Amino acid sequence: MELRQLEYFVAVAEERNFTRAAERVRISQSGVSAQIRQLERELGAELFDRSARTVTLTVAGKAALEPARAALAAARAVGQAVGEVTDLIRGRVTVGMVSGCTVTPLFDALAMFRGAHPGVELSLLEDRSDRLAEAVRAGTLDLALIGAAAAVPEGLDALTLIDERLCVAVPAGHPLARRRRVTLRDACSHPLVCMPPGTGLRAVFDDACAAQGVRPPIALEASAPDAIADLAARGLGVAVLSDSMARHYGDRLTALPLDDITTPALLALVWRSTHNPAVRELLRHCRRAFTGGADGPRA
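Residues numbered from 1 in each chain as written. Predicted model: local features only at pLDDT ≥ 70, side-chain atom pairs only at ≥ 80, totals over all residues. Heavy atoms only, no water.

Asker: Any chance you could break down the environment of Leu39 for me, citing the residues and the numbers?
Answerer: Considering the arrangement of structural elements, one finds Leu39 in helix 3 (residues 29-43). What makes Leu39 buried here is its relative accessible area of 1%. C-alpha separation for the pair Leu39 and Met1, spaced 38 residues apart in sequence, amounts to 6.5 Å. Those residues in contact with Leu39 that sit more than four places away from it in its chain are Met1, Gln5, Leu6, Phe9 and Leu47. (Helix = DSSP H or I, 4+ residues; strand = E, 2+ residues; numbered from the N terminus. Buried < 20%, exposed > 50% of the residue type's maximum accessible area, 1.4 Å probe, protein only. Contact = heavy atoms within 4.5 Å.)

Asker: Can you tell me about the nonpolar core, naming the residues and giving the values?
Answerer: In this structure, Leu166, Val168, Leu184, Leu192, Phe205 and Val240 are the most contacted members of the largest nonpolar core, which totals 35 residues. Contributions of two or more residues to this core are made by strand 7 (166-170), helix 7 (184-187), strand 8 (192-194), helix 8 (200-212), helix 9 (225-233) and strand 10 (238-242). When near neighbours in sequence (up to four residues on either side) are disregarded, Phe205 contacts Leu166, Leu184, Cys188, Leu192, Cys194, Pro216, Val240 and Ile261. The next biggest cluster of nonpolar side chains, apart from the first, holds 33 residues, and it includes Cys101, Leu122, Leu267 and Ala278. (Core = buried A, V, L, I, M, F, W, Y, C linked by side-chain atoms within 4.5 Å.)

Asker: Go over the sheet that holds strand 7, please, and point to the residues and values.
Answerer: On the basis of which strands lie adjacent, the open sheet formed by five strands has the order 9-8-10-7-11 and mixed pairing. In this open sheet, the two edge strands, each paired with only one partner strand, are strand 9 (218-221) and strand 11 (254-257). Here the strands of the sheet are splayed against their neighbours by 35° on average, with no regard to which way each runs. Packed on one face of the sheet, helix 8 meets strand 7, strand 8, strand 9 and strand 10 and runs near 115° to strand 10. Across the sheet, helix 9 lies against strand 7, strand 8, strand 9 and strand 10, angled at about 150° from strand 10, the strand it touches most. (Pairing = 2+ DSSP bridges. Axes fitted to C-alpha atoms, helices over the stretch in contact; angles between N-to-C directions.)

Asker: Quick rundown of helix 8? Include the residues and the values.
Answerer: Taking 1.5 Å per residue as the helical rise, helix 8 with its 13 residues ought to reach 18 Å, and the 19 Å between its terminal C-alpha atoms agrees with that figure. Inspection of helix 8 places Gly200, Leu201, Arg202, Val204, Phe205, Ala208 and Cys209 among the buried residues, and these make up the whole buried set. (Expected span 1.5 Å × (residues − 1).)

Here you go:
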């Protein structure tokens, strides 16, 4: 039995798909399948039910999953322990980022971290904020940049980076552009362009609509602020953005705060544990990149 076999087994168990697992561990699907077949022969039991489109664990597979995870964690701990006493950090850090969010300081932090610790393998993936938070809780992500409504998800440590209100943005000539004050109901009298469900900004907006009994006429959805602004600038709908996002497009859109939505939209770094020295170091670089501080992570 080899550690790589356990790594492939855990990857297939979590992805529930051999193709996605192969992409995750960066070898061919046939290689993953062959190694797991060999592991099954050594254990004398099938670990997966392959009869359906989605791969599921057998009873034996369920029994093996947590010990396999523990064995991989123990192997990583050996390398980390040696690295700490030799001042060399090794291992892997997996970072999540909310889809459509191009935040330069995060990329700066990743570059600084890579330069300081070339022995650490970095992975970056995009997803919805709610899924990223769950992945951090489950331990499949070490750190994530997420959007949230009013407060970060419970049970996670966090560094709040942006805390601001929602607004709408419209092109010149739009009826709302002449208004001094815009309410949620005013905005919802026009087609809207919003971020999709699962993002922090959308959660704030949906909660406000529910509280006021408003059914928003969402015409279009896009994950990237640039796309939302482009659609609004072409007259396809009223853009729903955060204050700083809307100001960024001031050359073509007029930003109007939504007076009756006071709940802030947050952008935050979240993590569950800093037992991994590589995660501690990455958080230190993130804090420096975002705030200019050199201290370690704190909520």
